[in-house]
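This is what each chain is made of:
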Amino acid sequence: MKYENTFKAIDQILWKEQGCGSELDYLEQKSWMLFLKYLDDLETEREEEAELDGKTYKRLVSGFYRWSQWATPKKRDPQTGKMVLDTVNAMSGDDLVEFVDQKLFPYLKDFQNTATQTDSLEYKIGEIFGELHNKIRSGFNMREIINMIDELHFQSAEDKHEMTVLYESNIQRMGNAGRNGGEYYTPRPLIRSIIKVVDPKIGETVYDPACGSAGFLCEAFLYMKDKIKSVKDHEILQKETFYGKEKKGLPYIIATMNMIFHGVSAPNITHGNTLAMNLSQIQESDRKNVILANPPFGGNERGEVLQNFEIRTL
């Protein structure tokens, strides 16, 4: 209930924003702040694990760009001894919006250029913030939302599970708000039934050519995760199993973050149109073992895409 009440309260605030007119906007704007809070908790967890092993963990998001620095700087309350928001140094109003638009987003977007590997979390962060735009124009509204999100924690399995379940329900509402809900959301009981019948195995590759919010890939990961028997199996699931492509910008962003929330640290999801690939140019290396998809039906394609197909439907 903690997450559900927080999400509802955030939606009430976003309802007041001129640039946020639907569930699609609400989820998009919640997502980038949730993601940065989740990432900060994840990096703190990795830092603590490395310290226990006598190693050093180098944070991806460092310095003032860490959530705990720019979003929620803390100080110790002299009366209670607890860490509380440092209201003097916590940005709000125009200062907060200016920092997010002109410094934070460009810094995170540049991860695409500084990452040494395209299949890394660092690169995925750059991709996400290269596509996203902050639509919250009131820094006071943003401050309220940040304070709410900071109360959420993603370091226990229970917290992560509760958050992902609620996030999925928000994606469902986003799909219902769009003109074609199937672009974003396929009912999860249907997905789980299909996956159970197909029964993908560790070592097989799984592909969704029109992945929307990555429901098939997230559920396939959860299904296959129960089959892990070794460290190698874990690495295979993380890096060499799940692949997706999504044509439209917003579902592509949501898909990437959704998989990260579900536990795939650097999703192999690309932004592009599967139909734009010439079938005669597909190589053996492009083949996948399992296709799990709910492709969109209807809609139009550009002429250069249509020319890839000799046979047309009416």
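In the block above lies the structure referred to throughout.
Rules and cut-offs
Residues numbered from 1 in each chain as written. Predicted model: local features only at pLDDT ≥ 70, side-chain atom pairs only at ≥ 80, totals over all residues. Heavy atoms only, no water. Helix = DSSP H or I, 4+ residues; strand = E, 2+ residues; numbered from the N terminus. Contact = heavy atoms within 4.5 Å. Polar contact = N/O pair within 3.5 Å; in protein donor to acceptor, adjacent residues only side chain to side chain. Phe/Tyr/Trp six-rings, centres within 6.5 Å; stacked < 30°, edge-to-face > 60°. Lys NZ or Arg CZ within 6 Å of the ring centre and 35° of its normal. Salt bridge = Lys/Arg side-chain N within 4 Å of Asp/Glu carboxyl O. Buried < 20%, exposed > 50% of the residue type's maximum accessible area, 1.4 Å probe, protein only. Patch = residues over 30% accessible without salt bridge, like charges linked within 9 Å, V, L, I, M, F, W, Y side chains within 5 Å. Areas by Shrake-Rupley, 256 points an atom, 1.4 Å probe, with all protein chains shown as cover. Lys, Arg positive; Asp, Glu negative; His and termini not counted. Charge placed at Lys NZ, Arg CZ, Asp CG, Glu CD. Axes fitted to C-alpha atoms, helices over the stretch in contact; angles between N-to-C directions. Left-handed = near helix turned anticlockwise from the far one by under 90°. Nonpolar A, V, L, I, M, F, W, Y, C, P; charged D, E, K, R; others polar.

J.: Is there a simple way to think about the environment of N289 in this case?
T.: As for its placement among the helices and strands, N289 is situated in the loop between strand 5 (268-271) and strand 6 (290-291). Considering only alpha carbons, one finds N289 and K201, 88 residues apart in sequence, at a separation of 9.7 Å. Dropping the residues within four chain positions of it, N289 is found in contact with G203, E204 and T205. A distance of 2.8 Å separates the side chain of N289 from the backbone nitrogen of T205, its partner in a polar contact.

J.: Honestly, the packing of aromatic side chains in this entry has me stumped. Any pointers?
T.: For any two aromatic rings, the description comes down to two numbers: the centre-to-centre distance and the angle of the planes. Across all of its chains, the model carries 12 aromatic pairs by this definition. The interplanar angle of 90° and the centroid separation of 5.1 Å between the aromatic rings of F105 and F129 together place this pair among those described as edge-to-face. Pair noted here: F105 is in helix 4 (residues 93-109) and F129 is in helix 6 (residues 121-131), with a separation of 24 residues, a long-range link. Aromatic ring contacts, followed pair by pair, group F64, Y65, W67, W70, F99, Y107 and F111 into a single cluster. Positioned above the aromatic ring of Y207 is the side chain of K288, whose terminal nitrogen or guanidinium carbon lies 5.6 Å from the ring centre.

J.: What's the story with the pattern of salt bridges in this structure? I'm lost.
T.: Pairs can form between side chains of opposite charge once their charged atoms are near each other. Applying the stated rule across the entire model yields 16 salt bridges. For the salt bridge of E4 with K8, the shortest nitrogen-to-oxygen distance reads 3.4 Å. A residue pair is termed a helical-turn pair when its members lie 3 or 4 positions apart in one helix, as E4 and K8 do in helix 1 (residues 2-14) at 4 residues. Taking the shortest distance from any N to any O, the salt bridge between K37 and D41 comes out at 3.2 Å. Pair noted here: K37 and D41 are both in helix 2 (residues 23-52), with a separation of 4 residues, about one helical turn. For K37, a relative accessible area of 4% translates into the label buried. Overlapping salt bridges, with partners in common, bring together K37, D41, K74 and D150 in one network.

J.: What is the right way to read helix 6 from this model?
T.: The periodicity of an α-helix, 3.6 residues per turn, causes residues three or four positions apart to be oriented the same way. When you tally the buried positions in helix 6, you get 8 out of 11 residues, the bulk of the element. Within the sequence span of helix 6, burial applies to L121, Y123, K124, I125, G126, E127, I128 and F129. The secondary structure elements touched by the buried residues of helix 6 are helix 2, helix 4, helix 5 (111-114), helix 12 (249-262) and strand 5.

J.: Help me understand a nonpolar patch on the surface, please; the structure alone is not making it clear to me.
T.: On the surface, a cluster of nonpolar side chains totalling about 340 Å² of accessible area is made up of L190, I194, V197 and V198. Topologically, I194 is positioned in helix 9 (residues 188-198).

J.: Explain a negative patch on the surface to me, please; I cannot follow it from the model alone.
T.: Negative charge collects at one region of the surface, where E48, E49, E51 and D53 lie side by side. Its location among the elements puts D53 in the loop between helix 2 and helix 3 (67-71).

J.: What's the story with the packing of helix 1 against helix 2 in this structure? I'm lost.
T.: When two helices pack together, their arrangement is given by the angle between the helix axes and the distance between those axes. With their axes 10 Å apart at the nearest point, helix 1 and helix 2 run at an angle of 120° to one another. Between helix 1 and helix 2 lies a crossing whose hand is right-handed. Taken together, the residues of helix 2 that come into contact with helix 1 (itself represented by F7, I10, D11 and L14) are E23, Y26, Q29, K30 and L34. Partitioning the contact of helix 1 with helix 2 into residue classes produces 5 nonpolar, 1 polar and 3 charged.

J.: Help me understand the side chain of E17, please; the structure alone is not making it clear to me.
T.: By the element assignment, E17 lies in the loop between helix 1 and helix 2. For the buried residue E17, which engages in no salt bridge, the nearest side chain bearing the opposite charge is R137, 5.8 Å off. At a separation of 2.9 Å, a polar atom in the side chain of E17 contacts the main-chain amide nitrogen of R137. One polar contact links E17 to N141, side chain to side chain, over a distance of 3.0 Å. Sequence-distant contacts of E17, that is, excluding residues within four places in its chain, are made with K135, I136, R137, S138 and N141.

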